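# Commentary on secondary and tertiary structure
Each chain is listed here by its residues.
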Amino acid sequence: MNKKAKGLIAAMSANIIWGFFSIALRFLKDYSVDQILYYRIFTSFIICWLVIAIFKRKQLISDLKQIEIDGEIPKAKFWFLMILSGILITLNWFTFIYVVNNVNLKSAAFAYMVCPLITALAGYIILKEELSRVKFIAIAIAIISIAILATGSFTDVLWSVITAAFYAFYLIIQRVIKNIDKLNLLGFHLIIAMIIIIPLFLLNAKPIPVSASFWVDIVIIAALFTLIPLLLSLYALNSLPSSTVGIIIYVNPIVAFGVAFFYFHETIKVNQLFAYILLAIAVVIFNWKIIIDNWLKLLNRKQQIDIVA
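Let us look at the structure shown here. Note that the structure is a prediction, hence the values are computed from the model and not measured.

Here we come to the environment of Asn271. Position of Asn271 among the secondary structure elements: in helix α13 (residues 270–286). Sequence separation between Asn271 and Ser145 is 126 residues, and the spatial gap between their C-alpha atoms is 9.3 Å.

Spelled out as C-alpha cells, the structure:
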C-alpha cells in the first residue's frame, strides 16, 4: 500500500470517528459549552504531553532544532502560523460543541459539508494545489448537495459556515508546516489553546464537576474524538493535498447523518437523503484516481502471487 493510500485511509478513519462525536457530546448536554471546552482541552493537553514526555522526548528536541535551522519558513512566520493554528482549532471546538448542544445536529453536520469546499478551494487559490476536471466535477456535485440542504434558519447556516471556516483554514496552515512530528505539532497547538482558555476559565470560575460519568466522557472525548482523529488528519496531510483531505471530510457528515437518524431518531426528509447520497458520490469521484490506482495494484499483486503459485 503506497503513501497516498495510507493517507486516504487515515483521513477516512479520522472523519468516521468524528461522525460519532455527537453521541459523546449529547451525554454532556447538561453542562455549559465553555465547561466542556475547558475540560476537553485540559484533558487533551495532559494526555498529549504525557505521551510526548514518555515516547517523543528525543523527537521533540530534534523538532525544536529543526525549527531553528529550517530555511523554508522564517521563524517569525512559523510561530505566527503555530499560534494561529491553536486559535483556529480552539474556536472550531467551541463552535462545534455549541452547535451540537444548542442548535441541532443537522447544523453541526452541515458545517462539515461546507468545510471541504472551503478547504479545497482555498488549497487551489492559496497553495496553488492542482484540481483536475474530475475533481471540479466532484466539487460541483457537492455544491448541489449543499444547495439542497441549505434551507431553513439563516442563523443555523451561519453557525455552520463559521464552524467550517475555522477548521478549513486550520487544515490549510498544517499543509504549510512541514518536517515536524505530528504529535509534537499537536502538542504545540494545545499549548496555545491552554493559553487562550486559562484566563477565561479563571474569570468564569465554576465548581469543578465531580460526576464520574462526566470525567469518563471527557477522557473519551479527549483521546478518541480529539487526539486520535487530529493526528490521523495531520498524518494524511503529509501525503495528500489539503484539497483531498478537505473533500474526505464529507465522510463526517455522512456518518453524522446516520447517527442522527438511527441513534437520535431525528426526522430525515427525502431531499436530505438524496443530498447525502450525492455527497457520497462526490467523495468517490474526487478520490477516484487514488482508488483506481490502488485497486489496480492489488489486482497486479494478486496476479503475481497466482503466477508464482
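On to helix α1 (residues 3–19). If you check α1, its first and last C-alpha atoms are 24 Å apart, about what 17 residues at 1.5 Å a residue would give, namely 24 Å. Within the span of α1, buried status applies to Ala5, Gly7, Leu8, Ala10, Ala11, Ala14, Asn15, Ile17, Trp18 and Gly19.

This brings us to the environment of Ile146. Note on placement: Ile146 falls in helix α7 (residues 133–149). Judged by relative accessible area, Ile146 falls into the buried class, the value being 10%.

Next up on the list: the pattern of salt bridges. One pass over the full model with this rule turns up three salt bridges. Measuring nitrogen to oxygen at the nearest pair gives 3.5 Å for the salt bridge that ties Asp34 to Lys206. Residue Asp34 is located in helix α3 (residues 33–55), and its partner Lys206 is located in the loop between α9 (182–203) and α10 (212–239); the two are separated by 172 residues in the primary sequence. The exposure class of Asp34 is buried, given its relative accessible area of 17%. Judged by relative accessible area, which is 38%, Lys206 ranks as partly exposed. Here Glu129 and Arg175 are joined by a salt bridge, their closest N and O atoms 3.5 Å apart. Linking Glu129 in the loop between α6 (105–125) and α7 with Arg175 in helix α8 (residues 154–176), this pair joins segments that are 46 residues apart in sequence.

For helix α12 (residues 251–263), with 13 residues, the first-to-last C-alpha span of 17 Å sits near the 18 Å given by 1.5 Å per residue. Residues Val251, Asn252, Pro253, Val255, Ala256, Phe257, Gly258, Val259 and Ala260 constitute the buried set of α12. Remark: His265 follows α12 within two positions and exhibits a positive phi of approximately 55°.

Right, let's talk about the packing of aromatic side chains for a bit. A complete count under the given rule lists 17 aromatic pairs for this structure. Their ring planes at 20° and their centres at 5.3 Å tell us that Phe21 and Phe225 sit as a pair that is stacked. With Phe21 in helix α2 (residues 21–26) and Phe225 in helix α10, this pair connects stretches of sequence that are 204 residues apart. On the basis of relative accessibility, which here comes to 7%, the residue Phe225 falls in the buried class. Geometrically, the ring pair formed by Tyr38 and Phe201 is edge-to-face, given 5.6 Å between the ring centres and 90° between the ring planes. A residue pair is termed long-range when its members are at least 10 positions apart, and Tyr38 in helix α3 and Phe201 in helix α9 qualify at 163 residues. Using a relative accessible area of 5% as the deciding quantity, one classes Tyr38 as buried.

In the contact formed by α3 and helix α5 (residues 75–103), the axes pass within 9 Å of each other and the chain directions differ by 135°. Judged by the inter-axis angle, α3 sits oblique to α5. Read as a crossing pair, α3 and α5 show a hand that is right-handed. Touching Val33, Ile36, Leu37, Arg40 and Ile41 of α3 are Thr90, Trp93, Phe94, Ile97, Tyr98, Asn101 and Asn102, all from α5. Of the residues in the contact of α3 with α5, the class split is eight nonpolar, three polar and one charged.

Let us look at the nonpolar core. Leu25, Met113, Tyr167, Tyr170, Ile177, Leu230 and Tyr250 are the most contacted members of the largest nonpolar core, which totals 97 residues. Leu230 has contacts with Trp18, Ile89, Trp93, Tyr167, Tyr170 and Leu186, leaving out every residue within four places of it along the chain.

Glancing now at a nonpolar patch on the surface. Taken together, the side chains of Leu121, Tyr124, Ile125, Ile126, Phe136 and Phe169 define a hydrophobic patch exposed on the protein surface, amounting to about 540 Å² of accessible area. Of note, Ile126 is situated in the loop between α6 and α7.

For the rest of this paragraph, the subject is the side chain of Ser160. The topology assignment puts Ser160 in helix α8. Non-local contacts of Ser160, meaning those with residues more than four positions away in its chain, are made with Ser107, Phe110 and Ala111.

Calculation rules
- Residues numbered from 1 in each chain as written.
- Predicted model: local features only at pLDDT ≥ 70, side-chain atom pairs only at ≥ 80, totals over all residues.
- Heavy atoms only, no water.
- Helix = DSSP H or I, 4+ residues; strand = E, 2+ residues; numbered from the N terminus.
- Expected span 1.5 Å × (residues − 1).
- Buried < 20%, exposed > 50% of the residue type's maximum accessible area, 1.4 Å probe, protein only.
- Salt bridge = Lys/Arg side-chain N within 4 Å of Asp/Glu carboxyl O.
- Phe/Tyr/Trp six-rings, centres within 6.5 Å; stacked < 30°, edge-to-face > 60°.
- Axes fitted to C-alpha atoms, helices over the stretch in contact; angles between N-to-C directions.
- Parallel < 35°, antiparallel > 145°, perpendicular 65-115°, else oblique.
- Left-handed = near helix turned anticlockwise from the far one by under 90°.
- Contact = heavy atoms within 4.5 Å.
- Nonpolar A, V, L, I, M, F, W, Y, C, P; charged D, E, K, R; others polar.
- Core = buried A, V, L, I, M, F, W, Y, C linked by side-chain atoms within 4.5 Å.
- Patch = residues over 30% accessible without salt bridge, like charges linked within 9 Å, V, L, I, M, F, W, Y side chains within 5 Å.
- Areas by Shrake-Rupley, 256 points an atom, 1.4 Å probe, with all protein chains shown as cover.

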